[in-house]
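# A structural walkthrough
Spelled out from the first residue to the last, the chains are:
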Amino acid sequence: MASRANAMLSRASRMKQKLQTALEASVLEIEDVSYQHAGHAGVKGDATETHFNVKIVSPKFEGQSLVKRHRLVYDLLTEELQSGLHALSIVAKTPQEVGRS
Amino acid sequence: MDEPQKIMATALRAPLCSRLIPSLKSYSLSSASPQALHFNLLSKPLSLSSPHASSKLRKRASLTLVFSLQKLSETQAFPVSGEEGEFLGKFPSDSGVYAVFDKDSHLQFIGISRSIAASVAAHKKALPELCFSVKFGVVDDPDRAALTNAWKSWMEERISSVGKVPPGNESGNTTWVRRPRQKPDLRLTPGRHVQLTVPLEELIDQLVKENEVVVFIKGSRSSPLCGFSQRVVGILNEAGVDYESVDVLDEEYNSGLRETLKMYSNWPTFPQVFVKGELVGGADILSSMADNGSLAQLFRR
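For every chain, the first residue of the written sequence is number 1, and numbering continues from 1 onward in sequence order. Chains carry letters from A onward and ligands carry numbers from 1 onward, assigned in written order. Totals for whole chains, interfaces and linings use all residues, but because this is a predicted model, local features are given only for residues with pLDDT of at least 70 and pairs of side-chain atoms are given and counted only at 80 or more. Where side-chain values are given, they derive from all heavy atoms of the structure, hydrogens and water being excluded.

## Section: the sheet that holds strand β6 (residues 107-113) of chain B
Residue and element names in this part refer to chain B.
- The pairing criterion for strands is at least two bridges between them, as found by DSSP. Put simply, DSSP marks the helices as runs of H or I at least four residues long and the strands as runs of E at least two long, and each gets a number from the N terminus on. Ordered in space as β4-β7-β5-β6, the four strands form an open sheet in which the pairing is antiparallel. Lying at the two open borders of the sheet, with one neighbouring strand each, are β4 (78-79) and β6.
- Across six bridges, strand β5 (residues 96-101) lies against strand β7 (residues 133-138) in antiparallel orientation. When the sheet's bridge partners are listed, Y98 is paired in β7 with F136.
- Contacts between residues were defined by any pair of non-hydrogen atoms, one from each residue, lying within 4.5 Å. Each axis is a line fitted through C-alpha atoms, taken for helices only over the stretch in contact, and angles between the N-to-C directions span 0 to 180 degrees. The sheet contacts of helix α4 (residues 116-126) involve β5, β6 and β7, and relative to β5 the element is tilted by about 25 degrees.
- Each of β5, β6 and β7 is contacted by helix α5 (residues 144-162), which is oriented at about 165 degrees to β6, the strand it contacts most.

## Description of the pattern of salt bridges
- For salt bridges, the criterion is a side-chain nitrogen of Lys or Arg within 4 Å of an Asp or Glu carboxyl oxygen. Applying the stated rule across the entire model yields 14 salt bridges over all chains.
- Here K103 of chain B ties to D104 of chain B by a salt bridge, and the two come within 3.7 Å at their closest N and O atoms.
- Under the scheme applied here, a residue whose accessible area is under 20% of the maximum for its type counts as buried, over 50% as exposed, and between as partly exposed, the area being computed with a 1.4 Å probe on protein chains only. When its relative accessible area of 57% is taken as the criterion, K103 of chain B is described as exposed.
- With a closest N to O distance of 2.6 Å, K209 of chain B and D205 of chain B form a salt bridge. In this pair, K209 of chain B and D205 of chain B are both assigned in helix α6 (residues 200-210), four residues apart and thus about one turn of the helix distant.
- Given a relative accessible area of 56%, K209 of chain B falls into the exposed group.
- Connected through salt bridges with shared partners, the residues R11, R14, K18, E79 and E80 of chain A form a single ionic network.

## Some points on α5 of chain B
- Taking 1.5 Å of rise per residue, the 19 residues of α5 of chain B would be expected to cover 27 Å, and the 27 Å separating its terminal C-alpha atoms lies within 8% of that figure.
- Immediately downstream of α5 of chain B, the backbone of G163 of chain B shows phi near 85 degrees, a positive value. What a helix is expected to span follows from its residue count: subtract one and scale by 1.5 Å.

## Some points on the packing of aromatic side chains
All names here are of chain B.
- For Phe, Tyr and Trp, rings pair up if their centres lie within 6.5 Å, where Trp contributes its six-membered ring, and each pair is then called stacked (planes under 30 degrees apart), edge-to-face (over 60) or tilted (otherwise). Here the structure, examined in full by the defined rule, presents eight aromatic pairs over all chains.
- Taking 6.2 Å as the distance between ring centres and 45 degrees as the angle between the ring planes, the aromatic pair formed by Y264 and F274 counts as tilted. Of the two residues, Y264 is situated in helix α8 (residues 257-265) and F274 in strand β10 (residues 272-275); the sequence distance between them amounts to ten residues.
- According to the relative accessible area criterion, Y264 is partly exposed, its value standing at 22%.
- Given the relative accessible area of 3%, F274 is considered buried.
- An aromatic cluster is present here, built from F78, F91 and F136 joined pairwise through their rings.
- Above the ring of F132, the side-chain terminus of K124 is found at 5.1 Å from the ring centroid.
- Ring-over charges, as used throughout, are those where CZ of Arg or NZ of Lys falls within 6 Å of the ring centre and within 35 degrees of the ring normal. The aromatic ring of Y243 is capped on one face by R221, whose charged end is 4.1 Å from the ring centroid.

## Points about the interface of chain A and chain B
- On the chain B side, the residues contacting the 16 residues of chain A number 16 residues.
- Accessible-area loss on putting two parts together, using a 1.4 Å probe and summing over both, is the definition of buried area adopted here. Taking both partners together, chain A and chain B bury about 1400 Å²; carbon and sulfur atoms supply 63% of that area.
- Along the contact surface separating chain A from chain B lie zero salt bridges.
- Polar contact criterion, stated in full: a pair of N or O atoms within 3.5 Å, where within protein one must be able to donate a hydrogen and the other to accept it, and residues adjacent in sequence count only if both atoms are side-chain atoms. One can count four residue pairs in polar contact (both at pLDDT 80 or more) joining chain A with chain B.
- Those elements giving two or more residues to the side of chain A that touches chain B turn out to be α3 (66-76) and β3 (87-93) of chain A.

## Digging into unusual backbone geometry
Residue and element names in this part refer to chain B.
- With omega at 10 degrees, the peptide bond leading from F270 into P271 counts as cis.
- By the secondary structure assignment, P271 is in the loop between α8 and β10.
- At S105, a position not held by glycine, the phi torsion is positive, near 60 degrees.
- Along the chain, S105 falls in the loop between β5 and β6.
- The exposed category is assigned to S105, whose relative accessible area is 55%.
- Despite not being glycine, D141 has its phi angle at roughly 50 degrees, a positive value.
- Position of D141 among the secondary structure elements: in the loop between β7 and α5.

## Thoughts on the packing of helix α2 (residues 11-23) of chain A against α3 of chain A
Residue and element names in this part refer to chain A.
- Contact geometry of α2 with α3 gives a least axis separation of 9 Å together with a crossing angle of 130 degrees. Taken as axis vectors, α2 and α3 run oblique relative to one another. Viewed along their axes, α2 and α3 form a crossing whose handedness is right-handed. Residue-level contacts link K18, L19, A22 and L23 of α2 to L72, V73 and L76 of α3.
- As a working rule, the residues Ala, Val, Leu, Ile, Met, Phe, Trp, Tyr, Cys and Pro are called nonpolar, Asp, Glu, Lys and Arg charged, and the rest polar, with Gly in that last group. Across the contact of α2 with α3, the residue classes tally to six nonpolar, no polar and one charged. Each angle receives one of four descriptions, namely roughly parallel if under 35 degrees, roughly antiparallel if over 145, roughly perpendicular if within 65 to 115, and oblique otherwise. A crossing counts as left-handed when the near helix is turned anticlockwise from the far one by less than a right angle, and as right-handed when that turn is clockwise.

## Side note on the packing of helix α7 (residues 227-239) of chain B against helix α9 (residues 283-292) of chain B
Residue and element names in this part refer to chain B.
- At a minimum axis separation of 9 Å, α7 and α9 run at an interaxial angle of 30 degrees. Taken as axis vectors, α7 and α9 run roughly parallel relative to one another. Note that α7 runs across α9; the crossing there is left-handed. On α9, the residues touching F228, R231, V232, I235 and L236 of α7 are A283, D284, L286, S287 and A290.
- When the residues that make up the contact of α7 with α9 are grouped by side-chain class, the tally is seven nonpolar, one polar and two charged.

## Thoughts on the pairing of strand β11 (residues 278-281) of chain B
All names here are of chain B.
- Pairing analysis gives three bridges linking β10 to β11, with the strands arranged antiparallel. Bridging across to β11, V273 finds its partner in G281.
- From the end of β10 to the start of β11, which pair antiparallel, there are two residues, and K276 there has a positive phi angle of about 50 degrees.

Right, dumping it as structure tokens:
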């Protein structure tokens with residue numbers, strides 16, 4: 001994918017692209033909550049697109065501990081994390097887990 | 001330091017009340033007239049002649065305070081019966097200093113509070129046999145410095161008259177104070193300009209292997225600087241777990257830690273919680289473990 005075209009999209013859209021196919025997500029919700037963290041330690045200057053809530057339901061999480069699931073998500077978002085993405089609140093469930101509730 | 005000052009310095013190390021704990025490390029008292037008290041207050045053990053002392057600190061350092069607080073001995077004591085609703089009328093909800101006396105009218109404890117009524121009520125409930133009457137002094141413009149000074153003036157008056165600190169204020173005494181002072185954060189290195197003989201990654205590795213629970217947070221455990229770090233500290237404190245904390249934002253003693261730790265744990269964010277040498281996760285994971293009960297299992301030996 002042309003990285004120039006990508007740069008035009010918002011971070012949330014880029015994140016969606018990267019996570020959707022790789023995880024075959026049946027549910028993928030991404031919310032920019034950077035405004036909640038504006039002015040807190042470690043957030044220099046612009047506090048936009050720095051903190052996100054991510055909810056994913058994916059069969060790929062089957063049999064994986066929470067740490068492993070989060071790592072999977074983080075690995076897919078390496079580029080974002082190196083370009084200003086600060087923190088993610090991740091809810092990572094399998095379809096079965098969601099079905100149970 | 002002469003006797004009253006020595007005693008005072010010891011009293012200062014003891015927590016005053018669970019809500020407000022002054023963190024003054026040293027002070028010196030010069031001249032004391034009944035109403036005007038002069039204090040040299042240092043909130044950090046920083047020498048004023050050092051080139052790093054800002055003018056702000058210098059100004060704060062010699063403070064002359066004149067306040068209208070009555071002397072402890074001249075303040076009226078109010079009996080505390082413990083009846084419902086008693087505290088509403090008799091004691092103010094204002095901030096100030098208070099002194100608790102037992103049934104023999106012996107002074108047990110001098111404390112400060114953001115709400116005198118609430119503190120008295122709490123003490124009566126927790127220690128009914130020690131709480132028979134209370135004196136109080138409301139402090140106007142109650143910032144932490146003003147409250148601490150009010151407390152000091154009563155404490156000094158007491159020390160001058162009987163030569164020692166009330167039993168409840170002795171260092172280490174936690175009868176009146178619910179939570180003892182928190183553990184200090186660990187530092188990875190002796191300082192930024194000290195050459196490391198061992199790579200930082202190895203220091204991290206040693207740290208998480210030698211301590212059962214280690215959290216790497218933004219800020220100190222007593223004042224975390226980020227909501228996620230605060231959550232983790234809160235969860236661990238509530239669980240009563242013994243843990244070590246490391247401030248990843250400390251550029252003096254933990255310089256370079258953030259980047260090295262991210263690579264070490266293969267985890268891009270903070271806080272990071274390690275148990276028995278392994279990364280357990282961040283705030284989200286710890287929260288969900290606390291919710292579903294798996295946290296208790298994790299800490300059971």
